[in-house]
Amino acid sequence: MAAAHLLDGERRRVHHRPMAQDLDDPLVKKRLVKVLLVLTPVAFVLCWVLAALQGASARDSTIIGGVAAIGTFGAALSIGFLGSGARWVLTAVVVILALLQLLSR
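Residues numbered from 1 in each chain as written. Predicted model: local features only at pLDDT ≥ 70, side-chain atom pairs only at ≥ 80, totals over all residues. Heavy atoms only, no water.

Visitor: Please set out the overall build of the protein residue by residue, giving values where relevant.
Guide: Secondary structure summary: the protein contains four helices and two strands in total. The secondary structure elements of the protein, listed N-terminal to C-terminal, are β-β-α-α-α-α. Burial analysis of the protein (105 residues in total) assigns 21% to the buried set. Surface summary for the protein: the accessible area is close to 8200 Å², and the carbon and sulfur share equals 70%. (Helix = DSSP H or I, 4+ residues; strand = E, 2+ residues; numbered from the N terminus. Buried < 20%, exposed > 50% of the residue type's maximum accessible area, 1.4 Å probe, protein only. Areas by Shrake-Rupley, 256 points an atom, 1.4 Å probe, with all protein chains shown as cover.)

Set out below in structure tokens:
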């Protein structure tokens, strides 16, 4: 199917499926996992630098960068193994982290 076609002399765009539905497509899943794996060290470095610029100690900056890298890597793994079902894993992680934050107060 073409991305655009002519109808009565006008160009109309074809509606594309949402990304969540495309995660079961092997090509889309492979590309997204590849991007997330490339961004894992970038997330670590950027979060480390931002934490250090805000006055965090080297230990705290490393922990913050490590959490960012683990999050990015974990998203890549769950999407790679589960496809569109990864949204439930990521939702569960967010809920667990919110509960831990609530309990730590």
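Visitor: An account of the packing of helix α2 (residues 26-53) against helix α3 (residues 58-82) is requested, with residue identities and associated values reported.
Guide: Where α2 contacts α3, the two axes come as close as 7 Å, and the packing angle between them is 170 degrees. Classed by the angle they form, the pair α2 and α3 counts as roughly antiparallel. For the contact of α2 with α3, the per-class residue count stands at 19 nonpolar, seven polar and one charged. (Axes fitted to C-alpha atoms, helices over the stretch in contact; angles between N-to-C directions. Parallel < 35°, antiparallel > 145°, perpendicular 65-115°, else oblique. Nonpolar A, V, L, I, M, F, W, Y, C, P; charged D, E, K, R; others polar.)

Visitor: Can you explain a nonpolar patch on the surface? Please cite residues and give values.
Guide: Together, L37, F73, L77, F81, L82, V89, L90, V93, I96, L97 and L100 make up an exposed nonpolar region whose accessible area comes to about 1000 Å². Elements supplying a minimum of two residues to the nonpolar patch: α3 and α4 (86-103). Relative to the elements of secondary structure, V89 occurs in helix α4. (Patch = residues over 30% accessible without salt bridge, like charges linked within 9 Å, V, L, I, M, F, W, Y side chains within 5 Å. Salt bridge = Lys/Arg side-chain N within 4 Å of Asp/Glu carboxyl O.)

Visitor: Any chance you could break down the layout of surface pockets for me, citing the residues and the numbers?
Guide: For the largest pocket, the calculated volume is near 240 Å³. Along its surface, the largest pocket is lined by V67, I70, G71, G74, A75, S78, V89, L90, V93 and L97. Elements represented by at least two residues in the lining of the largest pocket include exactly α3 and α4. Looking at the lining of the largest pocket element by element, the count peaks at six residues for α3. Considered class by class, the residues forming the lining of the largest pocket number seven nonpolar, three polar and no charged. (1 Å grid on protein atoms, 1.4 Å probe; cavity = no way out; pocket = protein on both sides within 12 Å on 5 of 7 lines; lining within 4 Å. Points joined across faces, edges and corners; volume = space filled by probe spheres on them.)

Visitor: Kindly report on the nonpolar core, identifying the contributing residues and their values.
Guide: Of all hydrophobic cores here, the largest spans seven residues; its members are L23, V33, L36, A75, A76, I79 and A86. Within the residue set of this core, elements represented by two or more residues are α2 and α3. Top element by residues in this core is α3. It accounts for three residues. In contact with A76, other than residues within four places in its own chain, are V33, L36 and L37. (Core = buried A, V, L, I, M, F, W, Y, C linked by side-chain atoms within 4.5 Å. Contact = heavy atoms within 4.5 Å.)

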